[in-house]
Amino acid sequence: MGGFHWCTSVSTMRKTFEAGSTKQLLHWFPGHMAKGMRLMRKHINRCDAVIEVHDARIPFTARNDKFDLLADKPRLLVLNKGDLAGTLDDSSWQSKTDLVTNCTLNSSPQVMQIIPRLLDVVDPGSLQRQPSFLRIMIAGLPNVGKSSLINALRRMYSGRKKAARTGNSPGVTRALQTDIKINDYPPIYMVDTPGVMLPKVPSVEVGLTLALVGTLRDDLVGHELIADFLLYNLNKRLQFTYVERFGLEAPCDDINIVLPAIARRIGALRPGAEPNLELAAEHFVSKYRSGALGRFVLDDSGCHDNHDTTPSSAS
């Protein structure tokens, strides 16, 4: 991995990423996802609308065509984790997206728009039945924040505690969970579904992009490979916050130099002061996922990066 040493010019850095043999990236569809998709088909007729959730950092990557099976229901397309995506201001995604949300806030105007938008798109007759209520299915790839969005809606609309399990890795929601109440007037219930991966990822680069944002399991791909793909993307987008944070002399395109520097910076050392590259890679990627290394979109079209070069210390 990597092939350059200290770099001062972007022109000398990699223009493409060579991942080697990573065929396992292209086929990851565990049994609980297949079961989840079957349950979604079974329950969709009981639902009045669908909220399809995507990660705002990859608004165009790996849209799951399996969700087209839900297309006969009114649908809202939500880009979640908008706080990690930088500036989204291009009409190419705006015309295809209803809302950009951030579920980490105690109160979010964007999240608060979801119920009014749902009431605009559902069949008015849905609220005329007795008893009157709406049932909404939420669907998306793994780890895009579906359960977090449900919990945010419960918190912001009715002051209820969270009901859907959440986590920072894919596969936390492994079974369909029905009738989670998020609103009283009108009564609105959510159907939480397992994240459903593409049965076949179209390319290794798409697979690595999904892995970088946490949609594919880290152990399936390898922490050091994900870290190298992150380094490639940071340099490609002129996101050089990592240089000062990890005590490097300059931007660098060689992961074999960057990871030992990170290990020394954070004290991840084996006996004999040997750098623990696995822990360094995990730390590097976790800092990106938290937004500490820059907030930007990984898709190459449709969005603009925020070039964050604010100095920061290792933590």
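Conventions used here
Residues numbered from 1 in each chain as written. Predicted model: local features only at pLDDT ≥ 70, side-chain atom pairs only at ≥ 80, totals over all residues. Heavy atoms only, no water. Helix = DSSP H or I, 4+ residues; strand = E, 2+ residues; numbered from the N terminus. Buried < 20%, exposed > 50% of the residue type's maximum accessible area, 1.4 Å probe, protein only. Contact = heavy atoms within 4.5 Å. Phe/Tyr/Trp six-rings, centres within 6.5 Å; stacked < 30°, edge-to-face > 60°. Lys NZ or Arg CZ within 6 Å of the ring centre and 35° of its normal. Pairing = 2+ DSSP bridges. Axes fitted to C-alpha atoms, helices over the stretch in contact; angles between N-to-C directions. Expected span 1.5 Å × (residues − 1). Core = buried A, V, L, I, M, F, W, Y, C linked by side-chain atoms within 4.5 Å.

Colleague: I tried to follow unusual backbone geometry on my own but got confused; where do I start?
Modeller: Both trends apply: most residues other than glycine have a negative phi, and most peptide bonds are in trans. For the peptide bond that leads from Gln-130 to Pro-131, omega is -5°, which places it in the cis range. Inspection of the secondary structure puts Pro-131 in the loop between helix 4 (114-121) and strand 4 (134-140). A cis geometry characterises the amide bond from Tyr-185 onward to Pro-186, with omega recorded as 0°. Despite not being glycine, Leu-238 shows a phi value in the positive range, around 60°. On the accessibility criterion, Leu-238 (36% relative accessible area) is partly exposed.

Colleague: What's the story with the environment of Leu-105 in this structure? I'm lost.
Modeller: Here Leu-105 is to be found in the loop between strand 3 (99-100) and helix 3 (109-112). Distance from Leu-105 to Met-156, taken between C-alpha atoms, is 9.8 Å for residues 51 residues apart in sequence. Contact partners of Leu-105, with chain neighbours within four places excluded, come to Arg-155 and Met-156.

Colleague: Where do I start with the packing of aromatic side chains in this structure?
Modeller: Here the distance between the centres and the angle between the planes together describe a pair of aromatic rings. In this structure the tally under the stated criterion is seven aromatic pairs. Arranged with centres 6.2 Å apart and planes meeting at 75°, the rings of Phe-133 and Tyr-189 form a pair that is edge-to-face. Taken together, the residues span a long stretch of sequence, with Phe-133 in the loop between helix 4 and strand 4 and Tyr-189 in strand 6 (residues 188-192) at a distance of 56 residues. Residue Tyr-189 is classed as partly exposed on the basis of its relative accessible area of 24%. Every member of this aromatic cluster is reached through a ring pair, and the members are Phe-17, Phe-229 and Tyr-232. Of note, Arg-129 hangs over the ring of Phe-133, and the distance from its end group to the ring centre comes to 4.2 Å.

Colleague: I'm lost on the sheet that holds strand 2 (residues 75-80) in this one. Help?
Modeller: To summarise the sheet geometry, strands pair through backbone hydrogen bonds and adopt either a parallel or an antiparallel arrangement. The strand order across the open sheet built from six strands is 3-2-1-4-6-5, with neighbouring strands paired in mixed fashion. Across the chains shown, the open sheet's two edge strands, defined by having one partner strand only, are strand 3 and strand 5 (177-183). In terms of strand pairing, strand 1 (residues 49-55) meets strand 2 through six bridges, oriented parallel. Within strand 2, the position partnered with Asp-55 by the bridge is Asn-80. Across the face of the sheet, helix 5 (residues 146-158) comes into contact with strand 1, strand 2, strand 4, strand 5 and strand 6 while running at roughly 35° to strand 5.

Colleague: Quick question: what am I supposed to make of the side chain of His-54 here?
Modeller: Considering the arrangement of structural elements, one finds His-54 in strand 1. When near neighbours in sequence (up to four residues on either side) are disregarded, His-54 contacts Arg-63, Leu-77, Val-78, Leu-79, Asn-80 and Val-144.

Colleague: What is the right way to read helix 10 (residues 255-266) from this model?
Modeller: Each α-helix turn comprises 3.6 residues. Residues three or four places apart therefore point the same way. Taking 1.5 Å per residue as the helical rise, helix 10 with its twelve residues ought to reach 16 Å, and the 16 Å between its terminal C-alpha atoms agrees with that figure. All buried positions along helix 10 are accounted for by Ile-255, Ile-257, Val-258, Leu-259, Pro-260, Ala-261, Ile-262 and Ala-263. In this structure, the buried residues of helix 10 make contact with helix 8 (223-236), strand 7 (269-270), strand 8 (274-275) and helix 11 (277-289).

Colleague: Help me understand the nonpolar core, please; the structure alone is not making it clear to me.
Modeller: General note: in soluble globular proteins, nonpolar side chains tend to be found buried as a group. Ile-51, Leu-149, Tyr-242 and Phe-284 are the most contacted members of the largest nonpolar core, which totals 69 residues. Top element by residues in this core is helix 8. It accounts for eight residues. Ile-51 has contacts with Leu-76, Val-78, Ile-114, Leu-118, Ile-136, Met-137, Ile-138, Ala-139, Leu-149 and Met-190, leaving out every residue within four places of it along the chain.

Any functional reading would require information that these geometric values do not contain.
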